[in-house]
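Now for the letters of each chain:
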Amino acid sequence: MRILLAPFRGVYRGLVWLANSPRTLILSYLLLIMICGVLYHFFEDETSFGDAMWWAVVTASTVGYGDISPETWQGRVMAALLISIMVLIVVPLITAHFASKLIVDTDAFQHDEQEELKNNLRRVRQLLEELAEREGITSPGSADPPAAPGDR
C-alpha cells in the first residue's frame, strides 16, 4: 500500500514546494507556457512560433478566443493538459499563496512570547504543587487518595 502512495506523496511535496515559493511558481508558469508554445508550433504545421506562443497564453488563461485552435490530436491533447494543469493546479496555487499572505493573524503570539508563557505556566504549576503539599492536598495525578474533609 505504501508503494502505491509514493508517487502521490512526491506530487504532493512538489505542489507544496511550488506553492511556498512565488518565484518558482511564476517560473513554472512561464516554463509551461514556453514548452506548450514550442510543442504547439511543432504539432501544428501551419502555425508560426509567435502564434503558437499566443495560443499557449490564451489557452492557459482559459480565455480561448478561438482565433487559433489545434487541429491535430497531439495539439488537442496538449491543450486539454494545459487547461487542466492551469485550472486545477497553477491558478489555485497562485490564489492560495496570495490569500495566505493577506490573511495574517496580528494577535498570534511570537515565539519568544510563547516561550515566556510556557515558563510562566511551569512556575505556576510548581507553586500550586508546593501549596498543595503544604496544605496536604494531593494533585489529580497523585496516587494518594484525596483527604477527607474532616482530616484537613
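Values in this document were obtained by computation on a predicted structure and should not be read as measured data.

Caption draft 1: Spatial organisation of the overall build of the chain. Within the chain, the secondary structure is distributed over 5 helices and 0 strands. Starting at the N terminus and ending at the C terminus, the chain contains elements arranged as α-α-α-α-α. When burial is assessed residue by residue, the chain has 19% of its 152 residues classed as buried. Sequence-distant contacts in the chain: of pairs separated by 6 or more residues, those separated by 24 or more amount to 44%. Just so you have it, the chain exposes about 12000 Å², and 63% of that area is on carbon and sulfur atoms.

Caption draft 2: Main features of the UniProt feature "transmembrane region" (unreviewed entry) in the chain. Taken from the UniProt record, the annotation "transmembrane region" (unreviewed entry) applies to residues 25–43 and 77–99. The span residues 25–43 carries 100% helix and 0% strand; its end-to-end C-alpha distance comes to 27 Å. Between the first and last C-alpha atoms of residues 77–99 the distance is 32 Å; the span itself is 100% helix and 0% strand.

Caption draft 3: Fine view of helix α3 (residues 49–60). For α3, built from 12 residues, the straight-helix expectation of 16 Å at 1.5 Å per residue is met to within 8% by its first-to-last C-alpha distance of 16 Å. For α3, the set of buried residues is Ala-52, Met-53, Trp-55, Ala-56, Val-58, Thr-59 and Ala-60. Residues of α3 that are buried sit in contact with α2 (22–43) and α4 (73–102). Looking one or two residues past α3, Thr-62 carries a phi angle of roughly 60 degrees, positive in sign.

Caption draft 4: Quick look at a nonpolar patch on the surface. Together, Trp-73, Val-77, Leu-81, Ile-83, Ile-85, Val-87, Leu-88 and Ile-89 line one region of the surface with nonpolar side chains, adding up to about 750 Å² of accessible area. Structurally, the position occupied by Ile-89 is in helix α4. The class of Ile-89 is partly exposed, set by a relative accessible area of 31%.

Caption draft 5: Region of the structure containing the nonpolar core. One finds Cys-36, Tyr-40, Trp-55, Leu-82 and Met-86 to be the most contacted residues of the largest nonpolar core, which totals 15 residues. Elements with a contribution of two residues or more to this core: α2, α3 and α4. Those residues in contact with Cys-36 that lie beyond four places of it in its chain are Trp-55, Ala-56, Met-78 and Leu-82.

Caption draft 6: Region of interest: the packing of helix α1 (residues 2–19) against α4. Here α1 crosses α4 at 50 degrees, and the two axes come no closer than 9 Å. Taken together, the axis directions place α1 and α4 in an arrangement best described as oblique. Crossing handedness for the pair α1 and α4: right-handed. Each of Leu-15, Leu-18 and Ala-19 in α1 lies in contact with α4, whose residues at this interface are Ile-89, Leu-93 and His-97. Looking at the contact of α1 with α4 residue by residue, the classes come out as 5 nonpolar, 1 polar and no charged.

Caption draft 7: Layout of the pattern of salt bridges. The final tally for this structure, using the stated rule, is 1 salt bridge. Note that Glu-115 and Lys-118 form a salt bridge whose closest N and O atoms lie 3.0 Å from each other. One end of the pair is Glu-115 and the other is Lys-118, both in helix α5 (residues 111–135) and 3 residues apart, which spans about a single turn. Assessed through its relative accessible area of 40%, Lys-118 is described here as partly exposed.

Rules behind the numbers
Residues numbered from 1 in each chain as written. Predicted model: local features only at pLDDT ≥ 70, side-chain atom pairs only at ≥ 80, totals over all residues. Heavy atoms only, no water. Helix = DSSP H or I, 4+ residues; strand = E, 2+ residues; numbered from the N terminus. Buried < 20%, exposed > 50% of the residue type's maximum accessible area, 1.4 Å probe, protein only. Contact = heavy atoms within 4.5 Å. Areas by Shrake-Rupley, 256 points an atom, 1.4 Å probe, with all protein chains shown as cover. UniProt positions renumbered as here; feature names shortened; annotations may be inferred. Expected span 1.5 Å × (residues − 1). Patch = residues over 30% accessible without salt bridge, like charges linked within 9 Å, V, L, I, M, F, W, Y side chains within 5 Å. Salt bridge = Lys/Arg side-chain N within 4 Å of Asp/Glu carboxyl O. Core = buried A, V, L, I, M, F, W, Y, C linked by side-chain atoms within 4.5 Å. Axes fitted to C-alpha atoms, helices over the stretch in contact; angles between N-to-C directions. Parallel < 35°, antiparallel > 145°, perpendicular 65-115°, else oblique. Left-handed = near helix turned anticlockwise from the far one by under 90°. Nonpolar A, V, L, I, M, F, W, Y, C, P; charged D, E, K, R; others polar.

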